[in-house]
Each structure stands twice: as structure tokens, then as C-alpha cells.
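# Coordinate inspection notes
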Amino acid sequence: MHRAIRVHERKIKKAEAKKNHEHANRLREKTPKPKIDRIIRQRYPRFVDALGELDDYLTMVHLFAALPVSESKKIEVESVHKCRRLAHEWQAFISCTHKLRKTLYMLKAYTTRYIEASILSVYDFARWNLV
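Residues numbered from 1 in each chain as written. Predicted model: local features only at pLDDT ≥ 70, side-chain atom pairs only at ≥ 80, totals over all residues. Heavy atoms only, no water.

When helices and strands are tallied, the protein shows six helices and three strands. Reading the secondary structure of the protein in the N-to-C direction produces α-α-α-α-α-α-β-β-β. The burial tally for the protein puts 21% of its 131 residues in the buried class. At a minimum sequence separation of 6, the contacts of the protein that also span at least 24 residues come to 34%. Within the structure as shown, the protein displays about 10600 Å² of accessible surface, and the carbon and sulfur contribution to it stands at 57%. (Helix = DSSP H or I, 4+ residues; strand = E, 2+ residues; numbered from the N terminus. Buried < 20%, exposed > 50% of the residue type's maximum accessible area, 1.4 Å probe, protein only. Contact = heavy atoms within 4.5 Å. Areas by Shrake-Rupley, 256 points an atom, 1.4 Å probe, with all protein chains shown as cover.)

Here's what the structure looks like:
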């Protein structure tokens, strides 16, 4: 797929070099999107491998969900809203399936909150920080 994208970029450059801006704009609109399915399958061949790194991703999603939404920041408002929706969906899934294992909320020099949930069995769990 990456080869197809590079070939498409060459076509755009060729059209611009020939001063054919209309054709170049049409090509830009039809730029192929990269597919990451294959990369994900290579990195996580088994579902258990993906669950092993789920806690990092859930922490990032909850971090972005806690960000204040403003147009002046360099973070897109739509991505913050998607993270909020995804965080709420994940919390709803954990509560509906009764997979919550333990939580921790500390108030010392700083606030630390994390939630641990058992996804597949007693030994496989994901722990993520809430902001």
C-alpha cells in the first residue's frame, strides 16, 4: 500500500511539473489511504499480545479525554471528543461485563488513580490510569 501512495505522489508531482493543476487537484482528492491492518497483525499476532499493551493505550485515551476542548490548541476538538466517547464506552463495557478487579485512588503529593480489569481470565488483566 505504501508503494501505491508513493506512485500516486509521483503522479501528482508529474502533473504539477506539466502545469496541469486541475489534474493534480483531482489526484490529490483521490489519494489512497494507508491500511494498517497488516502492521497491526504483524505486531500483535495473538489477541493476548494486544491485551498486554492495552493499558498504555487506555491511559492515553483517558488522558486525551480529560483535556479541555478549545479551538486555539493544536489538538483537534474531534479527536478529544472521540477519546471521551471511547473512554465512556470502555468503562461501560467493564461495568456491564463485571470485569472490574480493583481500583486505587491516592491523595498524597499528587493524585494517582488507576483501575484494573480482568479481560480474559483471572491472570490476564489491563491496568490503566485515569486522569
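Here the narrative resumes, following the displayed structure.
Attention now moves to the environment of V61. Looking at the element boundaries, V61 is found in helix 5 (residues 54-65). With near-sequence residues (within four places) excluded, V61 lies in contact with C83, L86 and A87.

Using the criterion set out here, one finds one aromatic pair in the structure. Relative to F93, the ring of W90 has its centre 5.5 Å away and its plane inclined at 35 degrees; by these criteria the two rings are tilted. Of the two residues, W90 and F93 both sit in helix 6 (residues 77-96), three residues apart, roughly one turn of that helix. W90 sits in the buried class, given a relative accessible area of 16%. (Phe/Tyr/Trp six-rings, centres within 6.5 Å; stacked < 30°, edge-to-face > 60°.)

This paragraph deals with helix 1 (residues 2-17). For helix 1, spanning 16 residues, the distance from its first C-alpha to its last is 23 Å, which sits close to the expected 22 Å at 1.5 Å a residue. The complete set of buried residues in helix 1 reads I5, H8, I12 and A15. Buried residues of helix 1, seen end-on, are gathered within an arc of 80 degrees and therefore sit on one face of the element. Structural note: helix 1 exposes R3, R10, K13, K14 and A17 on the side pointing more than 90 degrees away from its buried face. Summarising the contacts, the buried residues of helix 1 are in contact with helix 2 (21-29). Of the residues one or two after helix 1, K19 is the one with positive phi, at around 60 degrees. (Expected span 1.5 Å × (residues − 1). Arc of directions from axis to C-beta.)

Contact geometry of helix 1 with helix 2 gives a least axis separation of 8 Å together with a crossing angle of 160 degrees. Relative to helix 2, helix 1 is oriented roughly antiparallel. Helix 1 and helix 2 meet at a crossing whose hand is left-handed. On the side of helix 1, the interface is formed by H8, K11, I12, A15 and E16, while helix 2 contributes H23, A24, L27 and R28. Along the lines of polarity and charge, the residues of the contact of helix 1 with helix 2 split into four nonpolar, two polar and three charged. (Axes fitted to C-alpha atoms, helices over the stretch in contact; angles between N-to-C directions. Parallel < 35°, antiparallel > 145°, perpendicular 65-115°, else oblique. Left-handed = near helix turned anticlockwise from the far one by under 90°. Nonpolar A, V, L, I, M, F, W, Y, C, P; charged D, E, K, R; others polar.)

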